[in-house]
Every structure is written in structure tokens, then in C-alpha cells.
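The primary structure of each chain is shown beneath.
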Amino acid sequence: MESFHKFLILGFIALILSCSEDSSGGAEGAVYDVDPVFEPYVREFIAEGGKRGHNIDFNDTGLKVEFSDFPLNGAAGLCTLRRHHVVIDKANWFRFSERFRAYLLFHELGHCELDRLHKNDQFSDQTWKSIMRGDPFNGIQNRLPVPYYGFRKDHYLDELFDTNTPAPSWGERKFAFQLSNPSVVTDTLFDINRFNQNYSNVTGNYEFDIRFDLIDDNSITTRLEWGALGENYYLEIFPGWGYTIGVNLEGLSNNLYYNNNINFVNDRKIDRITVRNHDGFDQIFINEEFIFHIDPSKLDYVKMTAMDGSQINNDFSIESYSLELFE
């Protein structure tokens, strides 16, 4: 029996994590044979399990983790259940950031070592409750990434090693759009088609608000970026497909959230994005509707462009942009 696990993590490429079940049970001998590339992640898995009361000793069960010598049918990884054998697709591996490489190994070891099957429960914002999510999917579920990052990471690790882990407060959290008046208005721009604003003195709470005329063309990708140099957030809009929210890590885009409601948010097409750094989070609103929250970011810059392939689209219109600081 074989099942497949798809997830969206880089652009709109749906990668697959797979597990196959061996009915014979038992390990392939107590042999520990882990490619040195994967050794740090296996050690991390053991350490995280130890923190949560799991004494993991692969010298007893054996473990083999290797790059695959054969195609995995589009899969990023595959685990043979009850055989402690994991294979990883090399091409996909080198497209991941370090944090998401750990996620991949933890998912596969969840199958092999913890006997976990796929679990597709979701919170109200459609984010997954477990890193063990996988096939079978319903509708667009295969496009939804696991936000294994920041303050959410501890929950995913807790749940991996204990399926009775209570639901975290962030799973159902909401924020209101209104906030008290700002103490200082630091920047305002009007009537531009793209921008890249750099900052050096934004150290406290802030809110930036951008209003624009989205180009409703499937060939045009509109991307907003903000945060610190080297590790920043983005919101990317794909007309006719949906939008993603994610984090750039080590030069790679890692999606944390996906929604296919592109044409109407609060009964109109997307024309406003507001990001508020407040209450210990970056709160993201689209058309005044709360969408997602992530770890607070230092604000080194805000950038927004519309791209037609590799070319900037000069017809894109930013109607207004403002940055406000709060006490």
C-alpha cells in the first residue's frame, strides 16, 4: 500500500513526500547507515524526541537514509514503513532551506520511527495541525503548505511526538483591523508603479498600508516584500490561482500560507494590503480582513513590484503607500 503527501513550498511546485508500507514488519537488520548529509537532521530528530520523553536509539532498530538512485515520481522523499529506510530526491533536497530540510526528514522519520500515518486535520485558517499531513487530499489541500517556522514550530514538534498535544492558541487567533492612532507618520507616497523603500530607524511597532490596482492577468505576478535583509517575508499574488504568504530563508522562498480566494476579499478584488507589527506578531490584512500572523520582523525595507516573467510591468499602479510608527 502506498500513499503520497504533497505540499507547496517553493513557488507553485507541489512536492510529494511518500511512505510505503512493508507488511513483513521489522527492520532491515540493526544497521545504521545514514548519509553524512542527513546526519545533522537525524541527530536533531533524536534530540527533539529526547526533550519530549522519547529515547530514540537507531542502533537497536537500524536506520538507512540515502539519496535515491531512481526517480521518486515527483516525490521529495519516501519512507518504507516499519523498515527504517528513507530515500530523498537529491534535486529537491538542494532547493530547500535548512529548516525545511529538517521538516522533510522529520516527516519521514515520523513514519519510520514513530509509526505515524498521515493526519489532515486543519485549523480554522486552513493551516495544518500536524507536519504529518498527506494524501488523500480534498480540493486544493495539496497546495497548502505546513508553516513549520517561527512560533509555530514548537507545536509541530510537540504534536509529532505526542498526538494528544493540545491545540495551540495561534491556531484560532484573530486580530481586529483597527488600531489606535499612530504617534508618528514617517512616510507617505502616492501614484507610483513600483517602489523599494529602505529604512534604518524602525525599531518598534509599525504599520504599513499599501493600496494598488491589481493587474488581473494570469501572466502577471504581484509581489510584496518586507522585513530584514537576508530573512524577509513576502506576499505573492497570482491572478487566477491565488496568493501565498511566506518567508525568504537563505535565498529561497518558503511558503507558509496559501489561499485561492483571489478575486473577492470583503466583496472586492484584492486592492489593499496592510501589515501591522503589534502584539508580538506581524499581522497581515487583505482588504481590511485579517489573513495570517507571523513572527515580528525588523523593518529594513518594503518593496512591491508586478512582474511579467522576468520583466517589471510598468502598468501596475500603486495608488498610495504609508508607514506609521506606534508607541
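Scroll up to find the structure this text is about.
Treat the numbers as computed from the prediction; the structure is a model and nothing was measured. (Residues numbered from 1 in each chain as written. Predicted model: local features only at pLDDT ≥ 70, side-chain atom pairs only at ≥ 80, totals over all residues. Heavy atoms only, no water.)

### Observations regarding empty space enclosed by the protein
This model, assessed by the stated rule, comprises one cavity of 30 Å³ or more. One number sums up the size of the largest cavity: a volume of about 40 Å³. Lining of the largest cavity is provided by Q126, T127, L144, P145, L256, Y257 and Y258. In the lining of the largest cavity, the residues fall into five nonpolar, two polar and no charged. (1 Å grid on protein atoms, 1.4 Å probe; cavity = no way out; pocket = protein on both sides within 12 Å on 5 of 7 lines; lining within 4 Å. Points joined across faces, edges and corners; volume = space filled by probe spheres on them. Nonpolar A, V, L, I, M, F, W, Y, C, P; charged D, E, K, R; others polar.)

### So, helix α4 (residues 98-112)
If you check α4, its first and last C-alpha atoms are 21 Å apart, about what 15 residues at 1.5 Å a residue would give, namely 21 Å. For α4, the buried fraction is high: 13 of the 15 residues fall into the buried class. (Helix = DSSP H or I, 4+ residues; strand = E, 2+ residues; numbered from the N terminus. Expected span 1.5 Å × (residues − 1). Buried < 20%, exposed > 50% of the residue type's maximum accessible area, 1.4 Å probe, protein only.)

### Here's the deal with the pattern of salt bridges
What the rule picks out here adds up to 20 salt bridges. With its nearest N and O atoms 3.4 Å apart, the salt bridge here joins K51 to E48. One end of the pair, K51, and the other, E48, are both in helix α1 (residues 39-51), three residues apart, so they sit about a helical turn from each other. Since its relative accessible area comes to 12%, E48 is described here as buried. In this structure, the salt-bridge partner of D213 is K269, at a minimum N-O distance of 3.5 Å. In this pair, D213 sits in strand β9 (residues 205-213) while K269 sits in the loop between β13 (252-259) and β14 (272-278), placing the two residues 56 residues apart along the sequence. Among the residues examined, D213 registers a relative accessible area of 35% and is labelled partly exposed. (Salt bridge = Lys/Arg side-chain N within 4 Å of Asp/Glu carboxyl O.)

Shape is all these values report; function is a separate question.
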